[in-house]
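# Chain and residue survey
Given next are the chains, with one letter for each unit.
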Amino acid sequence: MKLQLKDISLRVGAETHLYPLDLELVPGTINVLLGPTQAGKTTLMRVIAGLDRPSAGRILVDGKDVTGVSVRERKLAMVYQQFVNYPAMTVFDNIAAPLRLQRRPEAEVRERVTAMAEKLHISHLLQRLPGALSGGQQQRCALARALVKKAPLVLLDEPLVNLDYKLREELRAELASLFADGATTVVYATTEPQEALLLGGQTVVMDAGRILQTGPTLETYSRPISIRSAAIFNDPPMNVLAGRMEDGHTIRLDAGPLLRLAGAPLALGQGKPCKVGIRCHHVGLSASAADVNRLDCTVDLSELSGSETYVHLRLGDAGIVAQVPGVHSVAIDSKVEAWVDPQELFIFDADGALLRSPREASHGAH
């Protein structure tokens, strides 16, 4: 299925929920909508599904305008973060419901329900009622009911957000496997950058009703076109430090230190303001092996998160977060030497547009 959105916008009264946007889904793959709460992800999905009609623009499916077509007449399936099952029906009958509405032969219904239940590991639950299931099992039931239709377009609106970490990992892997054959175009909304990376495919970065960037997921992560896009596709957010070009090879940070850049000289005039982006896991806390890019910082806070430690640092008036592997005890207000690799710096102009990514620096681009 080829789905295109052309100059779509949505206004409700005086509020704009979606600003004019164009989007073409990549057929047969997972298209991730990535953005914070109220970015417009669910609104965009509802427009794609036909649940909401856009204020302007057109929706094309295989070249045919379906903008005014109701959701019942569209070949799609949708699963929300708040999964819904029919409480008085068994798991089998829940999954079978859409097939029976299509008046499929009962033998086909049984075959397809059984096959889908096996794929989602709920075959042993088919005769139970939803109330007797765990949250993860109920979500599997809701997913099975949506997927058993074999719709060419599947919309998944944060379907795993209410599950615990282990269940999310299991179901995410199962979903990727289910759609690996390329027969289905998937739209998957999430607030989590890590989930977008794990799902792969294509990513659409959204914020406040606008599309900021689209492209293959790894490309979008490796080369965020703006600070806004980089902030959304990093958890914790990318560190951003203001400075000015000294020459094509160095930047003087407003906080004082001089940062050396890797690669060819950057084509930005001397004294021009710019911003340096550094991912948290590229901030080191031992400068002993580094002759360049040392930052003398003060510790504001140290947080443990599983097998990692997030150390919040202060460099003058600027804040920096270092994501350090392992469990570390770092005293508040202690002095530490941090350092950043010249090969891992993102350079943005004063307005936040990307000038150079680490990958471009390594290839000598400028």
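What counts, and at which threshold
Residues numbered from 1 in each chain as written. Predicted model: local features only at pLDDT ≥ 70, side-chain atom pairs only at ≥ 80, totals over all residues. Heavy atoms only, no water. Core = buried A, V, L, I, M, F, W, Y, C linked by side-chain atoms within 4.5 Å. Buried < 20%, exposed > 50% of the residue type's maximum accessible area, 1.4 Å probe, protein only. Contact = heavy atoms within 4.5 Å. 1 Å grid on protein atoms, 1.4 Å probe; cavity = no way out; pocket = protein on both sides within 12 Å on 5 of 7 lines; lining within 4 Å. Points joined across faces, edges and corners; volume = space filled by probe spheres on them. Helix = DSSP H or I, 4+ residues; strand = E, 2+ residues; numbered from the N terminus. Nonpolar A, V, L, I, M, F, W, Y, C, P; charged D, E, K, R; others polar. Disulfide = S-S within 2.5 Å. Domains from an automatic or database assignment. Buried area = accessible area lost by both parts, 1.4 Å probe. Salt bridge = Lys/Arg side-chain N within 4 Å of Asp/Glu carboxyl O. Polar contact = N/O pair within 3.5 Å; in protein donor to acceptor, adjacent residues only side chain to side chain. Pairing = 2+ DSSP bridges. UniProt positions renumbered as here; feature names shortened; annotations may be inferred. Phe/Tyr/Trp six-rings, centres within 6.5 Å; stacked < 30°, edge-to-face > 60°. Lys NZ or Arg CZ within 6 Å of the ring centre and 35° of its normal. Axes fitted to C-alpha atoms, helices over the stretch in contact; angles between N-to-C directions.

With that out of the way, let us pick up the nonpolar core. In this structure, Ile-95, Val-113, Leu-120, Ile-122, Leu-156, Leu-175 and Phe-179 are the most contacted members of the largest nonpolar core, which totals 43 residues. In this view, Leu-156 contacts Met-45, Val-79, Leu-143, Leu-175, Phe-179, Val-186, Val-187, Tyr-188 and Ala-189; residues no more than four positions away in its chain are not counted.

For the rest of this paragraph, the subject is empty space enclosed by the protein. This structure, assessed with the given rule, holds 2 cavities of 30 Å³ or more. Considering the residues around the largest cavity, the lining is formed by Glu-158, Pro-159, Leu-160, Val-161, Arg-168, Tyr-188, Ala-189, Thr-190, Thr-191, Glu-192 and Glu-195. With 3 residues, the single largest contributor to the lining of the largest cavity is strand 8 (residues 185–190). In terms of residue class, the lining of the largest cavity is made up of 5 nonpolar, 2 polar and 4 charged.

The final tally for this structure, using the stated rule, is 0 disulfides. Cys-280 carries a free sulfur, and the closest cysteine sulfur to it, the one in Cys-297, is 13 Å from it.

What follows concerns the domain arrangement of the chain. Each domain of the chain was delimited in the assignment, giving domain 1 (3–233) and domain 2 (239–356). Its C-alpha centre places domain 1 at a distance of 38 Å from the equivalent point of domain 2. Contact with domain 2 buries area across many residues of domain 1, yet Tyr-221, Pro-224 and Ile-227 alone supply 63% of it, more than any other trio. At the boundary of domain 1 with domain 2, the tally comes to 0 salt bridges. Linking domain 1 to domain 2 there are 3 residue pairs in polar contact (both at pLDDT 80 or more). Mapped by element, the contributors of at least two residues to the side of domain 1 that touches domain 2 are helix 7 (217–222) and helix 8 (227–232). Looking at the side of domain 1 that touches domain 2 residue by residue, the class counts come to 6 nonpolar, 2 polar and 1 charged.

Attention now moves to the sheet that holds strand 19 (residues 335–340). With antiparallel pairing, the 5 strands of this open sheet are ordered in space as 15-19-16-17-18. Of all the strands in the sheet, just strand 15 (283–284) and strand 18 (318–325) have a single pairing partner and so form its edges. Two elements, strand 15 and strand 19, share 2 bridges in a ladder whose sense is antiparallel. By the bridge assignment for strand 19, Gly-284 is matched with Trp-339.

Okay, the pairing of strand 1 (residues 3–12) next. Regular strands place their side chains on alternate faces of the sheet. Across 5 bridges, the pairing between strand 1 and strand 4 (residues 56–61) is antiparallel. Considered in strand 4, the bridge of Ser-9 is made with Ala-56. Pairing of strand 1 with strand 2 (residues 15–24), which is carried by 6 bridges, proceeds in the antiparallel orientation. In the strand pairing of strand 2, Leu-10 is matched with Leu-18.

Let us look at the UniProt feature "domain: ABC transporter" (unreviewed entry) in the chain. The UniProt record annotates "domain: ABC transporter" (unreviewed entry) at residues 3–233. End C-alpha atoms of residues 3–233 are separated by 25 Å, and the span's content is 35% helix alongside 26% strand.

Turning our eyes to something else, we now look at the side chain of Arg-279. For Arg-279, the location among the structural elements is in the loop between strand 14 (273–278) and strand 15. Looking at Arg-279, its side chain comes within polar contact range of the main-chain oxygen of Tyr-221, at 2.5 Å.

Note on aromatic pairs: each is described by the distance of the centres and the angle between the planes. Per the counting criterion, the structure on display carries 1 aromatic pair. Between Tyr-221 and Phe-233, the aromatic rings sit 5.4 Å apart at their centres with planes inclined by 70°, giving edge-to-face as the arrangement. You can see Tyr-221 sitting in helix 7 and its partner Phe-233 sitting in the loop between helix 8 and strand 11 (239–247), a full 12 residues away along the chain. The ring of Tyr-221 has Arg-279 lying over it, and the distance from NZ or CZ to the ring centre is 3.7 Å.

What follows concerns the environment of His-17. Considering the arrangement of structural elements, one finds His-17 in strand 2. Once the C-alpha coordinates of His-17 and Val-283 are considered, the two residues, 266 residues apart in sequence, prove to be 37 Å apart. When residues no more than four places from it in sequence are discounted, the contact partners of His-17 are Leu-10, Arg-11, Val-12, Thr-43 and Gly-209.

What follows covers the pattern of salt bridges. Applying the stated criterion to the full structure yields 15 salt bridges. Between Lys-2 and Glu-24 there is a salt bridge whose closest N-O contact spans 3.9 Å. Placement of the pair is Lys-2 in the segment before strand 1 and Glu-24 in strand 2, with a sequence separation of 22 residues. On the basis of relative accessible area, Lys-2 is assigned to the partly exposed category, the value being 37%. For Glu-24, a relative accessible area of 45% puts it in the partly exposed group. Note that Glu-170 and Arg-140 form a salt bridge whose closest N and O atoms lie 3.4 Å from each other. A residue pair is termed long-range when its members are at least 10 positions apart, and Glu-170 in helix 5 (residues 165–178) and Arg-140 in helix 4 (residues 135–147) qualify at 30 residues.

Our next topic: the sheet that holds strand 11. Spatially, 6 strands are ordered 13-12-11-14-20-21 in an open sheet, and the strand pairing comes out antiparallel. The sheet is open, and its two edges are formed by strand 13 (258–260) and strand 21 (354–356), each paired on a single side. Neighbouring strand axes in the sheet, compared pairwise and without regard to direction, differ in orientation by 40° on average. In the sheet, strand 20 (residues 346–349) pairs with strand 21 via 2 bridges, with the strands oriented antiparallel. Paired with Ile-347 across the bridge in strand 21 is Arg-356.

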